[in-house]
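# What the coordinates show
Below, each chain spelled out in residue letters.
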Amino acid sequence: MLFRSAGNFYADVWKYDPVINEWVWVNGPGTINSPPVYGTLGVPSPSNNPGGRGWAPSSWVDDNNNLWLFAGCDINTADMNNLWMFNTTTNEWTWMRGSNSSGSAGSPGVMGVPSATNEPSARHECTCSWVDGSGDFWFFGGYGFGQTDDLWRYQISTNMWTWMKGDPLATNAPVYGTRGIPDPANTPGARNSYSRWAD
């Protein structure tokens, strides 16, 4: 868990044991506003760390109980688009995708087509995220280059992003269409700081 508190950003991972009702600090520097240590893309290391991160990045747990972290603001409150995995067995972070600097415009590629070069743009407040039945990670919108209404899918098995829907760079108004009727033109519109759930 990486979070912001009283104007400071932390880069620590904590585990709570409900059986003994106690917390344990398992990873991270234990200091405020620590910079990231990227290491080598795709290579885990005990010294790797995303750095202090805040302003609502997305996170999830995969089928192997690894923790994943995407986007959010760095210690300079600049938007990021990098993706990290924390292996709970080895206690190591791996920088998986995205830029190692802030403010990346990303590269959406072709809508609906996965590619090794596809990347969402840097953003924060992008917690409208979920994991589907295949273990793929999805997220919608957020705030970076303005508010966006783009929908993205990340496949762990291929380590590739796919831009699925919406406009990744523009702040668009919603298009409602007809209530209860799906339509290719419908969109919730650009937004952030939202709620979500999966049925």
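Everything quoted here is computed from the prediction, not taken from an experiment. (Residues numbered from 1 in each chain as written. Predicted model: local features only at pLDDT ≥ 70, side-chain atom pairs only at ≥ 80, totals over all residues. Heavy atoms only, no water.)

### Some points on the overall build of the chain
Check the secondary structure of the chain and you find zero helices and twelve strands. The order of helices and strands in the chain, counted from the N terminus, is β-β-β-β-β-β-β-β-β-β-β-β. In summary, the chain has a C-alpha radius of gyration of 17 Å against a globular reference of 16 Å for 199 residues, a match within 12%. C-alpha extents for the chain along the principal axes are approximately 50 × 35 × 35 Å. Split into buried and exposed, the 199 residues of the chain put 41% on the buried side. (Helix = DSSP H or I, 4+ residues; strand = E, 2+ residues; numbered from the N terminus. Rg over C-alpha atoms; globule rule 2.2 N^0.38 Å. Buried < 20%, exposed > 50% of the residue type's maximum accessible area, 1.4 Å probe, protein only.)

### Details of the sheet that holds strand E5 (residues 58–61)
Hydrogen bonds between backbone atoms are what pair the strands of a sheet, whose relative direction is either parallel or antiparallel. Read from one edge of the open sheet, four strands run E5-E6-E7-E8, paired in antiparallel fashion. In the strand order of this sheet, the two ends are held by E5 and strand E8 (92–97), each with one partner. Each strand of the sheet is rotated relative to its neighbour by a mean of 20°, with strand direction disregarded. (Pairing = 2+ DSSP bridges. Axes fitted to C-alpha atoms, helices over the stretch in contact; angles between N-to-C directions.)

### Quick notes on the confidence of the model for the chain
Across the chain, the average pLDDT comes to 90, with 96% of residues at 70 or higher. Ranking the elements of the chain by mean pLDDT puts strand E1 (residues 4–5) last with 48 and E8 first with 98. (pLDDT = per-residue confidence, 0-100.)

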